[in-house]
Amino acid sequence: MPEAVIVSTARSPIGRAGKGSLKDLRPDDLTATIIQAALAKIPELDPRDIDDLMLGCGLPGGEQGHNLGRIVAVQMGMDHLPGCTVTRYCSSSLQTSRMALHAIKAGEGDVFISAGVETVSRFAKGSSDGLPDTHNPLFADAEARTAATAQQEGTTWHDPRADGLIPDAYISMGQTAENLARWKGVTRQDMDEFGVRSQNLAEEAVKAGFWEREITPVTLPDGTVVSADDGPRAGVTLEGVQGLKPVFRPDGLVTAGNCCPLNDGAAALVIMSDVKARELGLTPLARIVSTGVSGLSPEVMGLGPVEASRQALKRAGLTIDDIDLVEINEAFAAQVIPSYRELGIDLDRLNVNGGAIAVGHPFGMTGARITGTLINSLQWHDKQFGLETMCVGGGQGMAMVIERLS
């Protein structure tokens, strides 16, 4: 059975949504630029040999609508290349990598583009844009419960299923973080310390040249070239973060200092069979060893990495002790902390160059971005096995184990 190997990665800088460096770039233009950059690294590959372009997008609509994957293929002049757009929210472009893995294992293709994009600056935002409410009325009572909880103080999460009630499938991610923090005993101090750690590690990595290794500069419509992430913030201190006010509840724990911002960005991977890579004389960057995906209550979706990681590790025939470096997407410190604790991950192996709290989390981009960052980090630290995992909106988790090959 063929193995699925990653032969090229590319990502854009990550901009702050609404006011950052990429706000004037359309998502299709940005995606095309990054895919072309990934392909340019492997001139041995004939573009006509690519079997499919699979694009992850957390919230496909507006400029991110109309099957963006296919739009981008045509935009790049590759009319022969089919394209699809996939959403699994925060893990959308990890899902597309999983699809490439499965297709290669099944013998249904040799070369795939797995890409992801999100431009929060430009997507349709629902009722604020005059669009109708599309929520299923089935969840109206659950949404009302969430709204009431958001105004209460000292609320501890209680599984609504235990009372025969339906959970809130449309719950805001910030409310899930508050629920999980209280359920798992994560304190504001824990969260603030983790947020500062992310910012400080990412700042150090910028100075060391780590992040620039994986960033492809992009040109804005006015000719300006953007070559660095808008984050991280320099000189973040615990004292400064502790003064921030809660965002989601009157006495809440989640602040702008311990969760990710809203962002714009795109990333791409070229994934092919090891047979095809040898045929082209390529040295793969990494092998996709296994993946996992899990489900849990939408109201505490942040714990999703735990079961998904356990699945991926079991399928790989590995334990967490075999993993050299771990990247858990930092949507909220409130969810990373209980996830790494339950998985038994040492902090000296976790997000060692900082994470999304500092760098950013463009939803559809994140899966592919973290894969590239994990490969970069395994190379930087001369390590072999890596685990990528994340929580996913709607009550899911996803994970992938990779092995560095070069």
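None of these values were measured; they are calculated from a predicted model.

**What to know about unusual backbone geometry**
Here Gly231 and Pro232 are connected by a cis peptide whose omega angle stands at 0 degrees. Mapped onto the secondary structure, Pro232 falls in the loop between strand 7 (225-226) and helix 7 (238-242). Phi angles above zero are rare outside glycine, and Tyr89 is one such case at about 50 degrees. Checked against the element boundaries, Tyr89 lands in the loop between strand 4 (83-86) and helix 3 (92-105). Its identity is not glycine, yet Asp382 carries a phi of approximately 55 degrees, on the positive side.

**What to know about the nonpolar core**
Membership of the largest hydrophobic core comes to 39 residues, with the highest contact counts inside it found for Met191, Phe194, Ile323, Tyr340, Ile345, Leu350 and Val401. Those elements that provide at least two residues to this core are helix 5 (173-184), helix 6 (188-208), helix 9 (304-316), strand 10 (325-328), helix 10 (333-343), strand 11 (385-392) and strand 12 (396-404). The element contributing the most residues to this core is helix 10, with six residues. Once you skip the residues sitting within four places of it in the chain, Leu350 turns out to touch Phe194, Arg197, Val326, Ile328, Val336, Tyr340 and Ile345.

**Observations regarding helix 3**
For helix 3, with 14 residues, the first-to-last C-alpha span of 20 Å sits near the 20 Å given by 1.5 Å per residue. Burial runs high along helix 3: eleven of the 14 residues are buried. Residues of helix 3 that are buried include every one of Ser92, Ser93, Leu94, Gln95, Thr96, Ser97, Arg98, Ala100, Leu101, Ala103 and Ile104, and no others. Two residues or fewer after helix 3 comes Gly107, characterised by a positive phi angle close to 75 degrees.

**Thoughts on helix 2 (residues 68-75)**
Among all positions of helix 2, only Leu68, Gly69, Val72 and Ala73 are buried. Each buried residue of helix 2 sits inside an arc of 140 degrees when the element is viewed along its axis, so together they form one side. Once helix 2 ends, the next one or two residues include Gly77, with phi positive near 80 degrees.

**Regarding the pairing of strand 11**
The buried count for strand 11 comes to eight of eight residues, which makes it a mostly enclosed element. Here strand 11 shows two buried faces, one formed by Phe385, Leu387, Thr389 and Cys391 and the other by Gly386, Glu388, Met390 and Val392. With four bridges connecting them, strand 10 and strand 11 associate as parallel partners. Paired with Leu325 across the bridge in strand 11 is Gly386. The pairing of strand 11 with strand 12 spans eight bridges and is classified as antiparallel. Along strand 12, the bridge assignment pairs Cys391 with Gly397. From the end of strand 11 to the start of strand 12, which pair antiparallel, there are three residues, and Gly394 there has a positive phi angle of about 90 degrees.

**Re the packing of aromatic side chains**
The full count for this structure, using the stated rule, is five aromatic pairs. Aromatic pair Phe194 and Tyr340: ring centres 6.4 Å apart, planes at 25 degrees, arrangement stacked. Highlighted residues: Phe194 in helix 6 and Tyr340 in helix 10, separated in sequence by 146 residues. An angle of 85 degrees between the planes, with centres 5.5 Å apart, marks the rings of Phe210 and Trp380 as edge-to-face. Taken together, the positions of Phe210 in the loop between helix 6 and strand 6 (218-219) and Trp380 in helix 12 (residues 363-380) put the pair 170 residues apart, joining distant regions of the chain.

**As for the environment of Gln64**
Along the chain, Gln64 falls in the loop between strand 3 (52-56) and helix 2. By relative accessible area, which is 1% here, Gln64 ends up buried. Residues Gln64 and Thr33, spaced 31 residues apart in sequence, show a C-alpha to C-alpha distance of 15 Å. With sequence-adjacent residues up to four places away left out, Gln64 is seen in contact with Pro27, Cys57, Leu59, Glu118, Thr119 and Phe123.

**As for the packing of helix 3 against helix 12**
The geometry of helix 3 relative to helix 12 is characterised by a closest axis approach of 5 Å and an angle of 55 degrees between their N-to-C directions. What the angle tells us is that helix 3 and helix 12 run oblique. Contacts between helix 3 and helix 12 pair Ser92, Ser93 and Leu94 from the former with Gly364, Met365, Thr366, Gly367 and Ala368 from the latter. Considering only residue class, the contact of helix 3 with helix 12 consists of three nonpolar, five polar and no charged.

Cut-offs and rules
- Residues numbered from 1 in each chain as written.
- Predicted model: local features only at pLDDT ≥ 70, side-chain atom pairs only at ≥ 80, totals over all residues.
- Heavy atoms only, no water.
- Helix = DSSP H or I, 4+ residues; strand = E, 2+ residues; numbered from the N terminus.
- Core = buried A, V, L, I, M, F, W, Y, C linked by side-chain atoms within 4.5 Å.
- Buried < 20%, exposed > 50% of the residue type's maximum accessible area, 1.4 Å probe, protein only.
- Contact = heavy atoms within 4.5 Å.
- Expected span 1.5 Å × (residues − 1).
- Arc of directions from axis to C-beta.
- Pairing = 2+ DSSP bridges.
- Phe/Tyr/Trp six-rings, centres within 6.5 Å; stacked < 30°, edge-to-face > 60°.
- Axes fitted to C-alpha atoms, helices over the stretch in contact; angles between N-to-C directions.
- Parallel < 35°, antiparallel > 145°, perpendicular 65-115°, else oblique.
- Nonpolar A, V, L, I, M, F, W, Y, C, P; charged D, E, K, R; others polar.

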